[in-house]
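Tertiary structure, described
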Amino acid sequence: MTMKNCPTEETIGRWFDGEAADADVDRHVANCTRCGEYAETLRMTRAALAERPAVRIENSQMPAYLNDLRGGIHRRRMWGRVWAGVSLAAAAVVAATALLTVVTQGPTAVQAHSVLEAHSDITGATTETIEYDNGTMTVWLNLPEDDMQ
Amino acid sequence: MTVAAIAWIALELGRAQATPTETVQLSVVAVKGVRDGRQPQYIDPGIPKKSHAALKPLGYDSYFKLQTADIPIPFGRETKIFITDVYELIVQPTGRDAQGRVQIKARIMMQSKTPNAPPKKALDTTLAMTPGKTLNLGGPKVDGGDLILVLTLN
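Residues numbered from 1 in each chain as written. Chains lettered and ligands numbered in written order. Predicted model: local features only at pLDDT ≥ 70, side-chain atom pairs only at ≥ 80, totals over all residues. Heavy atoms only, no water.

1. Examining helix 2 (residues 23-31) of chain A
Residues and elements named next belong to chain A. Listing the buried residues of helix 2 in full gives Val 25, His 28 and Val 29. The buried residues of helix 2 occupy one face: seen down the axis, they fall within an arc of 95°. With respect to the buried face of helix 2, the exposed residues turned more than 90 degrees away are Ala 23, Arg 27, Ala 30 and Asn 31. Of the residues flanking the start of helix 2, the one acting as N-cap is Asp 22, its side-chain oxygen 2.9 Å from the backbone nitrogen of Asp 24. (Buried < 20%, exposed > 50% of the residue type's maximum accessible area, 1.4 Å probe, protein only. Helix = DSSP H or I, 4+ residues; strand = E, 2+ residues; numbered from the N terminus. Arc of directions from axis to C-beta. Polar contact = N/O pair within 3.5 Å; in protein donor to acceptor, adjacent residues only side chain to side chain.)

Quick look at the structure:
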């Protein structure tokens, strides 16, 4: 059976729910694979819904129910604001760090000299590097008592 | 461009070696420091004032000017600077480090008292110098005092 002869899903749905008895639809669904599968889907859906009992709220329970409902909405809004604030703060920190990194990039001002190596070819002499309180750096040659001079 | 990429580029540019034709200005003030008991501390008027702060902590009673020089020194080549009949300063800038400091080899050569003997390296150093700040090399003996070289890169 070709699809173009199939009834609409609405028709099948009404037929399935008993709202429109139709012998032609009945015969078609029994012989059409596609429409048969759709009818089976309707059956499974209806069955799943039927398993869940509806919650019934008595009139006396309504005020408490509504308060609870409003409270839940408020809590969700509050936490939403908190998380939005945290996210905003985190984004601000990241942006500030990135900006600071970009602004301060490049060779940074160095505080002092460095003495990478110091020695003497004079026998018995030693060298030392001294940094004074005022920041003056000195490389000093200490000659032996009996230096060649 | 990401922040990491910007940082990497800045670092690589900082590490770039100076070209051989580049020079840096070196100021040398050669001084004799003497412990002669003079009070208050005496500093030769011929010694540039910018060097005073570098000399005072050394603790000598008197400082006398021997020689001054303010010359451009090329990267990758040795430059000889006369100090006294006995001492000569030889400097060679070799490059710049990532922090912008000039890496420089500096040695004080001393003429030997032994006839025909080659000069000796009295003090041989490799330095990373920050432009605008002074550094002292000192300790060899000169005529009743100690030789002090106040070096400044500009």
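2. Some points on the packing of aromatic side chains
Scanning all chains against the criterion turns up three aromatic pairs over all chains. Geometrically, the ring pair formed by Trp140(A) and Tyr60(B) is tilted, given 6.3 Å between the ring centres and 40° between the ring planes. Taken together, the positions of Trp140(A) in strand 3 (residues 137-142) and Tyr60(B) in the loop between helix 2 (52-55) and strand 3 (62-74) put the pair across two chains. With relative accessibility at 12%, the residue Trp140(A) sits in the buried group. Exposure remark for Tyr60(B): the relative accessible area of 2% places this residue in the buried category. When the centroid spacing of 5.9 Å and the interplanar angle of 75° are considered together, the rings of Tyr60(B) and Tyr63(B) count as edge-to-face. Overall, Tyr63(B) belongs to the buried group, its relative accessible area being 0%. Here the basic side chain of Arg35(B) rests over the ring of Tyr60(B), its NZ or CZ set 4.2 Å away from the ring centre. (Phe/Tyr/Trp six-rings, centres within 6.5 Å; stacked < 30°, edge-to-face > 60°. Lys NZ or Arg CZ within 6 Å of the ring centre and 35° of its normal.)

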